[in-house]
Amino acid sequence: MSEDDKLLKEAKKLPWEDRLLHKNWKVRNDANIDLAALCDSITDPKDPRIREFGHFFKKTVSDSNAPVQDKALDALIAYLKAADADAGRFAKEICDAIVAKCLTGRPKTVEKAQMVFMLWVELEAVDVFLDAMEKAIKNKVAKAVVPAIDVMFQALSEFGSKIVPPKRILKMLPELFDHQDQNVRASSKGLTLELCRWIGREPVKSILFEKMRDTMKKELEAELANVTGTAKPTRKIRSEQDKEPEQEVAAEAVGSGPSEESAADVPQEIDEYELVDPVDILTPLEKSGFWNGVKATKWSERKDAVAELTKLASTKRIAPGDFTEICRTLKKLITDVNIAVAVEAVQAIGNLARGLRTHFSASSRFLLPVLIEKLKEKKPTMTEALSQTLQAIHKAGCVTLADIVEDVKAAVKNKVPLVRSLTLNWVTYCIESSNKAILLKVHKDYVPICMECLNDGTPEVRDAAFSVLAAIAKSVGMRPLEKSLEKLDDVRRKKLSEMIGVSGGGASTVAGSVVPSSGGTGSFVEASDGASVRRSAASMLSGKKPVPAAAASKKVVSAKTGAGKKVDGPGQTKKPVEVEDVEPTEMTLEEIESRLGSLIQEDTISQLKSAVWKERLEAITSLKEQVEALQELNPSVEILIRLLCAVPGWSEKNVQVQQQVIEVVSNIASTASKFPKKCVVLCIGGICERVADIKTRAQAMKCLTTFSEAVGPGFVFERMFKIMKEHKNPKVLSEGLLWMVSAVEDFGVTHLKLKDVIDFCKDTGLQSSAAATRNATIKLIGALHKYVGPDIKAFLSDVKPALLSAVEAECEKNPFEGAAAVPKKTVKALDSLSSASGGGLDSLPREDISGKITPTLLKGLESSDWKIRLESIEAVNKIVEEANKRIQPTGTVELFGALRGRLYDSNKNLIMATLSSISGLASAMGAAVEKSSKGILSDVIKCLGDNKKHMRECTLATLDSWVAATHLDKMVPYITASLTDAKLGAEGRKDLFDWLSRQLTGLTEFPDAIHLLRPVAVAMTDKSVDVRKAAEACFGEIVRVCGPEVVMKNVRDIQGPALAIVLERLKSHGAFPVYDTSKPVTTGQTAKTSSKIGKSNGYGSKHGSRPVSSRAVSTKGSKPESIMSVQDINIQSQALLNLKDSNKDERERIVVRRFKFEELRLEQIQDLENDLMKYFREDLHRRLLSTDFKKQVDGIEMLQKALPSIAKEIIEVLDILLKWFVLRFCESNTSCLLKVLEFLPELFDTLTNENYTLNESEASIFLPCLVEKTGHNIEKLREKLRELMKQIIHSYSAAKTFPYILEGLRSRNNRTRIECVDLVEFLLDNHGSEISGQLKSLQIVASLTAERDGELRKAALNCLATGYKIFGDDIWRYVGKLTEAQRSMLDDRFKWKTREMEKRKEGKPGEARAALRRSVRENGSDVAEQSGEVSRSMSGPAFSREMYAPPEPQMERLAFARPPGGAIGPTDWNEALDIITYGSPEQSVEGMKVVCHELAAATNDPEGSLMDDLVKDADKLVSCLATKVAKTFDFSLTGASSRSCKYVLNTLMQTFQNKRLAHAVNERTLDNLITELLLWLLDERVPRMDDGSQLLKALNVLMLKILDNAERTSSFVVLINLLKPLDPSRWPSPPSNESFATRNMKFSDLVVKCLIKLTKVLQSTIYEVDLDRILQSIHVYLQELGMEEIRRRAGADDKPLRMVKTVLHELVKLRGTAIKGHLSMVPIDMEPQPIILAYIDLNLQTLAAARMLTPTGPVGQTHWGDSMANNPMPASHSADAQLKQELAAIFKKIGDKQTCSIGLYELYRITQLYPKVDIFSQLQNASEAFRTYIRDGLAQMEKNAAAGRTPSSVPMPTPPPSALNLSSPKFAPLSPVHTNSLNDEKSVNTKAEPTNFSLPPSYAEDDRTENVMASRGPMAVQSDYRQQVGDQRNDRFPSGVSSGTLDAIRERMKSIQLASGEPGNRAMMNGSEHHESTEQESNPNPVVHSGVLPMDEKALSGLQARMERLKSGSIDPL
């Protein structure tokens, strides 16, 4: 051991302070590294060590040794990441030390120092940080100042202005602007621009610009133009980060709409008032002699004194003080006799209000009455000053609407109308600038005031009142005005509605204008998020801006050029156009009348001259009708217009007449095909005046629009300019301008001469003294900006700053849309094309600068003095600026020649200045620059060869300007040439490719890009990785914009390695080349062709941009790699993996499964190599098996790229791949391991996406090695391994991974043991429920607390403390036997953990788990919690199978995050259903708990309302659970706990315990569920599962519960359908020794058992089932078998068939002949007859023969087609006897508890239908109590019937026979079921069980009757009959059955089989007709005919329904 090592070892024993301040630098270095590692391991910010270490850093960061200082900063960074805000106590001393020592160090040191400052900001030590920055910027060394500015810039841009106060930064900036170092000045500019993004341009300008030099101002002004959008913080302080996850969850739950999001994204603009310091004005005011001046007798002295106050008060923020006396003085001066003094006083009050704000509140209330009173002054200067001051008082918050109510009330009663109107105008302003909450409180006060003013005699007051009402309605809606509007007349109501409508439209426009800004914000935020690199402040300046901004500018300019092209088009085709005479000649009225002739009636013209307005109105209305009726209007247009101009003329006073005149003019202009410009000239003067009048404004504006459509807006604008300039009425100007705004919106700018419009706006509109005119002008400029773009602002540079800012604000509301802004209206005029030639964007004038490009200037550019050269370049820039950045190409050729020389200047700064100049010239010239520049572009591109990034950025900015001015296709030749230039350099080529990719991204199609293919392909083999990446990205864009086919055609030009890569990339785009085999490759080999494309041909899109290894495609021919890569071309068409002979099962069989890691033996490595060569493509396995780690890395890259496309193939060879990874882990090459650890997470993600989980053999190959290597000695690798382990735990299974981790605890490597302990802690914290069965293994962790290594002990204690947090004191059960010392350590750690939990308010240890258990117990689900053990012994694979569940909607599956340790799951029913449906089996348990809880609550709800809600979702719930059964069982079969299986069965049990819920489950869902349960009952793997016997028992009990409570009809139908053979896809894959037939037989046996269960209780449930549907399912079953199959099965004793016959037999037995009435769903008229009919007949005859039915005639004659009239029935039983038997049966039912209600109901129905029957005569022998019970029961039944209630279980009563002498002949005879209910016991030789039906003995014992039948009749008859008789309870025939009876049965069966000629439908028709005739008979004693056993009313009604459907033909064939 060396001396250094000894020293270091000894030093480790010293205290921290001694180590950190040791005299040996190596000791200090080592100590800092250890300290950083220790801080990294601290997870709790409250750890006491954090406070202990804080004092050390002020000295360590000042270390004189630079490497030690670096490590000290690393330690400090780790410390600050672990600490919380409490560490702020050490911030000052540490920050001061860093400022003093670290900011002048090495770049890395400076960067780390900046990170430290950012972390202090994150820990909320902002003030300390800014104090340190104030010291840092005063450093004499400029090198230290720039990082300080940069860190302030970063802090502001990342944390935002709420955390980093801009106010302090603003104070620091002025001194930085004058710094001697240019870098400092540049950085300070960048910081200023960042401030603008946060607080707005104007506050920054107003605060900073006055303290700046002019040059700096100018530079900054130029930069400010580039600042767009608003900023949003990208980083949060530590305290907010802790809250962040909760907020995100809440935000997802709320799911705010996009409008809310965008509103939330836009930060509130900081008020400039808050940024400036208050200024004391009282002291200087005293010194200025203010008090003497205001008392002077001369008005000028008074004015000067007040002017001084105004000037002082104009400061942005005034310090509060006592202004009482000043206000008293000002109050007097407002009424000063001299108007100038009064105006100055009013302005002074306004300034005081703005500067003092709320501190001026009392004074404002004091001055307000005087100010309002002064509104009577008519002088415009006074009126304007008062308006602005009143507005300022309200805007500054000095008064609110509530404060001024009384003043307004007084003002509206003022005698002077001007006071009333202006006060109301002010109120309107106040309402518009107040929020809705205030208005809701005060609108009740203002509405009555306005309603009163609507009756005012002055129009201005009425208009102002309307405006107030409209403003109120706009803000709070119409409701407050509704009552008031009722009092208004129709005219006023209409006017108010119109005003509200207009204001509403305005509102929508304003709202709409907000949208683009929010969009801009979003894009800016995305850009900032995307840039992970730390930006410097200087990067904010233009030329240094991030390049992505180019895309936006490119789009904008392309839109401009598009507009320009459209404009130029028509102008090129010049045609001779006649110049129209527009000036009209004079014409008298007489001439007009003479020329009119008979066109207009003379009466009309004479009335138009009348002095009575009503006559004129009538005449103009008549004229309008006559004009509309004219067929040919064109010849008469001019004369009609002249007539209207003469009479009534434009001097008409009546409004209604005026309106009609304008409408007639509009009608003529719109109807005439050609409207002469003369007519426009005649009308436009009058129309402009009408626009100024509010009463005719709407019609006049519409008329102007019609004129524009007729002759073009350019002519109308031109004429209006002349009128508006000279008109005295300012309204003409302002309203005319507003119309122009709408005209621009409607027609665009194509037809306008923009120069004239802009000149008019500048010279007339913006110079007007009327605010309305200026505002209208600004709106017009904004509208033009939408079409023209920001270039328009260049023409307004000489406008006043205040107006310019308003213009800019308006332009922001109307962002440039270019070509997207489509005009809404078109121009009809034929010469519109000629007028259009001068319109549009290019009508913005371009200046000829040839005169300014003097020889002196050109000579200066060539000067030897760099300063003169720079001045000349700046002179060029100035010329372009002065020309408003729009110049003509004339004379620029020489200029470009001179500038080309400057691109090779020795001074780099001059080159950058030249690039900026060329950029400006290109933008200013547009497309013409391409011709004038004479190929300067190639020289520009060469500048990318510079190694300075700043230079390259300038060059790219120039290219951006160039592509915007011309187009990319013009630039491609220059770019192609430059890319082949070796001087360009790697960085230059990379930047150029990136730039090209961005440009191509914005294009959908660009054929010229194909010229770039060859240079791009060559660059893809470049030795620089960055160039290769950039070239690949560019290649992808070329393929996209040109199409793969075009690329394929041009690929022949490429040779060598580049060809291979191009072909590989083309495969992923679906193209593959077919080459000539004769075409040589570079090595002379021929390229093989292949039409077969393997699955792995295309590399996946996920890694498509990953570069091919430079070795694989090296261009150096001397190396063997180049030969290899060319050979690779020949095998590119093969699949990457060859799985032809792969047998994964065989390979897995020989894997030895162990948890402990053992290195691969030599023979295993050889097997691995053989497998790789066998299954992996040649080029891939060569790389993977190479001894060169670089080639191994290449091999992994190949796999990585192909991974998405070969996922399924990878699964097949996953075991081989994992073995290869194990080999790499054993070799421990760092580079290769890093690549492996980059690939493995992607591999496991892919497996997860493919729903594949590692099997046990794969896990045992890989996991032991992975666990062992988690203790790697390189920290970076350890971190990656740790993350990989967590990923595997998540995707594989926590329970299965746990044993491998436990084995790692026994490792010899200490680091491995520490990592494994941490993983155990992770499992406890995140997967506690999954490993709950293996918790006893924690004693291994507990034993580690006795280890010597401190880190290991600490990790073990932390792990157990986490366990204590989750399990509480139960943890002691799992830790095993410990020594006293260990117990003491654990006890201390547990106490510490308890305190921590209390501090964090996390509750007590184990509390969350206890709450969860309580919840489960309350839900009744504790059975499912009984066992958490995991069985790892399952070796058989888990077979997946198709689930027959309702199809899931095509939606994205919800990804449910795994709940944390103690979290309770979902909170509501719907969320629970979603989790059950889409969650994993473990996750769905949480959903089932909620469902169980809801079910329990609903069951216990006395009102039943909860149950009503659940019933709606019952089917959905059972459907989810049915689907989940298979998933949970499959999951448990993989070795996981059976907990989820128990939960799903328990939830189903709770559901089916409730009959209402069970009945709500539909048939299809029931089918899925029963099938699933029966399949799992049969599955042989279930008993081997964890708690398998319990699960089988639960499945059985659940099945019985379903049969008991589900809807019985559905159960019967489902089970009968399941007797058919089951679809093989529904089975799990069968074991090799069992066929599907065998399994189907077992399944059928189970179904038969279920049917037996249902059939047993059929006697008591017969009336609950739908017999029609059951009979239909039996019919379908029999028909599908067919007679041949039935005969065969009957001989083979087939159980399913026997069961169906048994069910049918029981139904016939219970319903008798009434069963025939339930065949409505069976097509009994089909040929041959349905098989079921024969079986029903047979059963009826057999039962009658056995006297189980009471026969009514010869049994053999009971045919389906027999008429009832043919066989009279002997009266063997009288009707009276039958009635007595029926009543006796009913009384017996009444006597039985279980059936008493049914009996009473039947008895009640008989008394109702046949009132003459005396039932009490039958009860003579009964007790009085019994008779009373019956009497009361009948009364109760009567009440129930009156209320409409009938018991659902009570059958429909069967009426007495028709032979009785009763008055109800229309009911069918009594059913024999009831008739024989008393004597059945006696007539059958069996022990009858009327209540508990038991099945026939054929399922339990031999039927000896088969022997008797064996020798008789046909086989089919024998077998069928044997089956039927065998279905009886007897062992022998009943005594009543004779051989004659048997013969009759045989004969009947023969007739059915032969399908005799009599068609069934005819027979049925006969029966039906007879039935109808018998119903109509009125014979009181009708004869009861024989032939068919009597039917009850249900049977008859069923048959009748069937017959009706047969007649109508509505029954579908089977």
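All values reported here derive from a predicted model rather than from experimental measurement. (Residues numbered from 1 in each chain as written. Predicted model: local features only at pLDDT ≥ 70, side-chain atom pairs only at ≥ 80, totals over all residues. Heavy atoms only, no water.)

Looking only at helices and strands, the protein features 96 helices and two strands. For the protein, the residues scored as buried account for 51% of the 2014 residues in total. Considering only intrachain contacts with a sequence separation of at least 6, the fraction spanning at least 24 residues in the protein is 77%. (Helix = DSSP H or I, 4+ residues; strand = E, 2+ residues; numbered from the N terminus. Buried < 20%, exposed > 50% of the residue type's maximum accessible area, 1.4 Å probe, protein only. Contact = heavy atoms within 4.5 Å.)

Before going further, it helps to spend a moment on helix α85 (residues 1695–1711). Taking 1.5 Å as the rise per residue, α85 with 17 residues should run 24 Å; its terminal C-alpha atoms sit 24 Å apart, in good agreement. The buried fraction of α85 is high, at 15 of 17 residues. Measuring from the backbone nitrogen of L1697 back to the side-chain oxygen at the start of α85 gives 3.1 Å, which picks out D1694 as the cap. Residue G1712 follows α85 closely and has a positive phi angle near 65 degrees. (Expected span 1.5 Å × (residues − 1). Polar contact = N/O pair within 3.5 Å; in protein donor to acceptor, adjacent residues only side chain to side chain.)

Our focus in this paragraph is the pattern of salt bridges. Going through the model one piece at a time under the given rule, you end up with 69 salt bridges. Among the ionic pairs, E593 bridges to K609, the shortest N-O distance being 2.6 Å. Separated by 16 residues along the polypeptide, E593 in helix α32 (residues 589–596) and K609 in the loop between α33 (602–608) and α34 (613–629) bring together distant segments of the chain. In this structure K609 comes out as partly exposed when scored by relative accessible area, which is 42%. Linking R952 and E987 is a salt bridge whose minimum nitrogen-to-oxygen distance equals 3.2 Å. (Salt bridge = Lys/Arg side-chain N within 4 Å of Asp/Glu carboxyl O.)

Moving on: the packing of aromatic side chains. Summed over the entire model, instances satisfying the criterion amount to 17 aromatic pairs. Ring centres 4.4 Å apart and planes at 25 degrees place the aromatic pair F721 and F760 in the stacked group. Remark: F760 occurs in helix α41 (residues 754–765) and F721 occurs in helix α39 (residues 713–726); sequence separation between them is 39 residues. There is no split in this pair, since F721 and F760 are both buried. An angle of 45 degrees between the planes, with centres 6.3 Å apart, marks the rings of F1225 and F1262 as tilted. Residue F1225 is found in helix α64 (residues 1214–1227), and its partner F1262 is found in helix α66 (residues 1256–1269); the two are separated by 37 residues along the sequence. By relative accessible area, F1225 is classed as buried at 2%. (Phe/Tyr/Trp six-rings, centres within 6.5 Å; stacked < 30°, edge-to-face > 60°.)

Before going further, it helps to examine the confidence of the model for the protein. Parts of the prediction with low pLDDT should not have their coordinates interpreted in detail. Per-residue pLDDT for the protein averages 75, and the proportion of residues at 70 or more is 76%. The spread of mean pLDDT over the elements of the protein runs between helix α92 (residues 1905–1909), the lowest at 33, and helix α81 (residues 1608–1618), the highest at 91. Under a pLDDT of 50 for its full length, residues 544–578 has, in the predicted model, 37 contacts with residues more than four places off or in other chains. (pLDDT = per-residue confidence, 0-100.)

Let us look at the packing of helix α37 (residues 677–692) against α39. Packing of α37 against α39 leaves a shortest axis separation of 10 Å and a crossing angle of 45 degrees. Taken together, α37 and α39 sit at an angle that is classed as oblique. The crossing of α37 and α39 is right-handed. Contacts between α37 and α39 involve K677, V680, V681, I684, G685 and C688 from the former and F715, V716, R719, M720 and I723 from the latter. (Axes fitted to C-alpha atoms, helices over the stretch in contact; angles between N-to-C directions. Parallel < 35°, antiparallel > 145°, perpendicular 65-115°, else oblique. Left-handed = near helix turned anticlockwise from the far one by under 90°.)

Within the largest apolar cluster, 94 residues are counted, with the highest numbers of intra-cluster contacts made by F1529, F1552, I1674, L1678 and L1707. For this core, the element with the highest residue contribution is helix α76 (residues 1505–1533), accounting for twelve residues. Contacts of L1678, omitting those with residues within four sequence positions, involve I1686, L1697, V1700, I1731, I1732 and Y1735. Counting 88 residues, the second-largest nonpolar core is a separate cluster that includes F1176, V1317, L1319 and L1335. (Core = buried A, V, L, I, M, F, W, Y, C linked by side-chain atoms within 4.5 Å.)

In this structure, Q658 sits in helix α36 (residues 655–671). With relative accessibility at 7%, the residue Q658 sits in the buried group. Setting aside residues no more than four positions away along its own chain, Q658 makes contact with E652, K653, R690, D693 and T696.

So, about the environment of I404. Mapped onto the fold, I404 is located in the loop between α24 (380–395) and α25 (405–411). In the structure, I404 is positioned 39 residues away from R365 in sequence and 8.2 Å away in space, judged by C-alpha atoms. Look past the residues within four positions of I404 in its chain and what remains in contact with it is L368, V399, W426, C430 and Y446.

The subject of this paragraph is the environment of E1258. Counting through the fold element by element, E1258 comes out in helix α66. Linking E1258 and I1216, residues 42 residues apart in sequence, is a C-alpha distance of 9.1 Å.

With their axes 7 Å apart at the nearest point, helix α38 (residues 697–711) and α39 run at an angle of 125 degrees to one another. In this view, α38 runs oblique relative to α39, as classed from their interaxial angle. Counting all contacts with α38, which are made through L704, F707, S708 and V711, the residues of α39 involved are P713, F715, V716 and M720. Grouping the amino acids of the contact of α38 with α39 by side-chain chemistry returns seven nonpolar, one polar and no charged. (Nonpolar A, V, L, I, M, F, W, Y, C, P; charged D, E, K, R; others polar.)

Two residues of an α-helix separated by three or four positions point the same way, owing to the 3.6 residues in each turn. For α76, spanning 29 residues, the distance from its first C-alpha to its last is 40 Å, which sits close to the expected 42 Å at 1.5 Å a residue. Most pronounced at D1513, the bend in α76 amounts to some 50 degrees. The positive-phi residue at the C-terminal boundary of α76 is G1535, with phi of around 110 degrees. (Bend = angle between axes of the 7 residues up to and from the residue.)

Bringing the environment of R1182 into the picture now. Within the fold, R1182 resides in helix α61 (residues 1178–1184). Separated by 13 residues in sequence, R1182 and G1195 place their C-alpha atoms 8.3 Å apart.

Here the focus is unusual backbone geometry. The omega torsion across V647 and P648 is -5 degrees, close enough to zero to call that bond cis. Its place among the elements puts P648 in helix α35 (residues 637–649). A cis amide bond, omega -10 degrees, links E1727 with the succeeding residue P1728. One non-glycine residue with positive phi stands out, namely E124, at about 70 degrees.

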